[in-house]
Amino acid sequence: LDAQSSCPITVPVIGFDEKTGATIDPLSTSEFRARFNGREIPIRAIANPPATQRIIFVLDRSGSMTYPWSNSADHPKILANQALSEAVSAIPNRDVVAFLAFADKFSQQTEFMTPDSAKAKLPDILAWNPGKNSELGTPLWDNIDAALKMLNIHASGDTIVVISDGGDQMSKLSRSQLEDKLLAAGVQVFAIVVTNSWQTPSLQTPEEAAGPPTLAEFAETTGGAFVIVDRPLNHPDPKGHSPDRASQMLSLLAHQYHLTIEVPVHKPGKLRLTLNGANAGKEIRLLYPQVLYSCAVQ
């Protein structure tokens, strides 16, 4: 590799219309333009969405997500459970899913299973409670890393879906270290960000206040997307989000293409993809990793 000026890298990409939510299909290499650190780079090939995908749900069951201070319909635990059920229902049965639930130093994992099997097991998964201590901490980054390890040898379409309020006050792994590992592996993170919209801001810890925007930004850096969940499903957010529902966001995975591009060896850098041709100028959003690691770095 030292003798080469560039090497091929494959990156996932999803395109959809921000106004309608409709995905852009099919996609071809001629429709894309790629830049790496501001310099245009060649696009060699594009692969259609994989026939099957592996999806791991990381479920935050820490104190801020589960403590029973309220039985209202907008309690984080209730919102998270609704969002998880909706998300699993949006995954086609040709794919496989697994779960990793955590709180403080406790965690539990499942084997991979079909979405239909997962729906039947959801009540047991959601009933998991590592203890009655309301102070259970949140090692969010460490447990996303544990989910990455569950994927073993990474394959096209591997995805991690995080359901959390984004707070983290006890991980050994930093956010930037985790981003590096995910970007090098080519695994996207999609986030269902649960917020305490009814809670008085002065009662929130600094981690709780900073958590939602941090988790949302983290997901987008890896090439994924996020939705904000702050009210029951039958009371949608009038401001809207794009995508605005967990099911809509998870349905995007069936339209995940993979571009092979030529990247300069040695140095990681920022990637920018744009569409040309018939889709140029339209309000189309592309989901793809914001940073690339070359073959030598990987």
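The following paragraphs examine the structure supplied in this document.

So, how was this worked out
Residues numbered from 1 in each chain as written. Predicted model: local features only at pLDDT ≥ 70, side-chain atom pairs only at ≥ 80, totals over all residues. Heavy atoms only, no water. Helix = DSSP H or I, 4+ residues; strand = E, 2+ residues; numbered from the N terminus. Salt bridge = Lys/Arg side-chain N within 4 Å of Asp/Glu carboxyl O. Buried < 20%, exposed > 50% of the residue type's maximum accessible area, 1.4 Å probe, protein only. Pairing = 2+ DSSP bridges. Axes fitted to C-alpha atoms, helices over the stretch in contact; angles between N-to-C directions. Parallel < 35°, antiparallel > 145°, perpendicular 65-115°, else oblique. Left-handed = near helix turned anticlockwise from the far one by under 90°. Contact = heavy atoms within 4.5 Å. Nonpolar A, V, L, I, M, F, W, Y, C, P; charged D, E, K, R; others polar. Polar contact = N/O pair within 3.5 Å; in protein donor to acceptor, adjacent residues only side chain to side chain. Core = buried A, V, L, I, M, F, W, Y, C linked by side-chain atoms within 4.5 Å. Arc of directions from axis to C-beta.

Moving on: unusual backbone geometry. Across the chain, the bulk of peptide bonds are trans and the bulk of non-glycine residues have phi less than zero. Cis geometry marks the peptide bond from D25 to P26; its omega dihedral reads -15 degrees. Within the element layout of this structure, P26 appears in the loop between strand 1 (6-17) and strand 2 (32-36). Even without a glycine there, the phi angle at N37 is positive, about 55 degrees. Among the structural elements, N37 can be located in the loop between strand 2 and strand 3 (39-41). With a phi close to 55 degrees, D104 is a non-glycine residue in the positive phi region. Along the chain, the position of D104 falls in the loop between strand 6 (96-103) and strand 7 (106-109).

This model, assessed by the stated rule, comprises 12 salt bridges. Ionic pairing is found between R33 and E40, a salt bridge with its closest N-O pair at 3.1 Å. The partly exposed category is assigned to E40, whose relative accessible area is 44%. Taken together, the salt bridges that share partners define one network made up of R33, R35 and E40.

The strand order across the open sheet formed by 4 strands is 3-2-12-14, and the pairing between neighbours is antiparallel. At either end of the open sheet lies a strand with only one pairing partner, and these are strand 3 and strand 14 (291-292). As defined by bridge partners, strand 12 (residues 269-275) adjoins strand 14 across 2 bridges and the pair is classed as antiparallel. Its bridge partner being in strand 14, K270 is matched across the sheet by V291.

Our next topic: the packing of helix 2 (residues 76-89) against helix 3 (residues 115-127). Relative orientation of the contacting elements helix 2 and helix 3 amounts to 170 degrees, with a least axis distance of 10 Å. Taken together, the axes of helix 2 and helix 3 are roughly antiparallel relative to one another. Helix 3 is crossed by helix 2, and the crossing has right-handed handedness. Contacts between helix 2 and helix 3 involve N81, L84, S85, V88 and S89 from the former and P115, A118, K119, L122 and L126 from the latter. For the contact of helix 2 with helix 3, a count of residues per class yields 6 nonpolar, 3 polar and 1 charged.

One can find E31 in the loop between strand 1 and strand 2. Of the polar contacts made by the side chain of E31, one reaches the backbone nitrogen of S28; its length is 2.8 Å.

This part takes up the pairing of strand 2. Along a regular strand, successive side chains alternate from one face of the sheet to the other. Judged by which residues are buried, strand 2 turns out to be one-sided: F32, A34 and F36 face inward and are buried, whereas R33 and R35, on the alternate face, are not. Of the pairings in the sheet, the one linking strand 2 to strand 12 comprises 5 bridges and is antiparallel in character. When the sheet's bridge partners are listed, R33 is paired in strand 12 with T274. Sheet topology places strand 2 next to strand 3; 3 bridges connect them, and they run antiparallel. Note that in strand 3 the partner of R35 across the bridge is E40. Adjacent in sequence and paired antiparallel, strand 2 and strand 3 are bridged by 2 residues, among which N37 carries a positive phi angle near 55 degrees.

Counting residues in hydrophobic clusters, the biggest one holds 36 residues, and the most contacted among them are F57, L84, F99 and I192. A total of 6 residues in this core trace back to one element, the largest contributor, which is helix 2. Residues in contact with L84, not counting those within four places in the same chain, are F57, L59, F99, L122, L126 and I163. Core analysis: the next-biggest nonpolar cluster, separate from the first, contains 25 residues, W141, V162, L215 and I228 among them.

Running from N to C, helix 4 (residues 140-150) and helix 5 (residues 175-185) cross one another at 20 degrees; their axes reach a closest spacing of 10 Å. By the angle between their axes, helix 4 is roughly parallel relative to helix 5. As for how helix 4 packs across helix 5, the hand of that crossing is left-handed. Where helix 4 abuts helix 5, its residues W141, I144, D145, L148 and K149 lie against R175, L178, K181, L182 and A185. For the contact of helix 4 with helix 5, the per-class residue count stands at 6 nonpolar, no polar and 4 charged.

What follows concerns helix 5. Here helix 5 has its buried residues at L178, E179, L182 and L183. Looking straight down helix 5, one finds that the buried residues subtend no more than 130 degrees of arc, so they occupy a single side. Phi turns positive, to about 75 degrees, at G186, one or two residues after helix 5.

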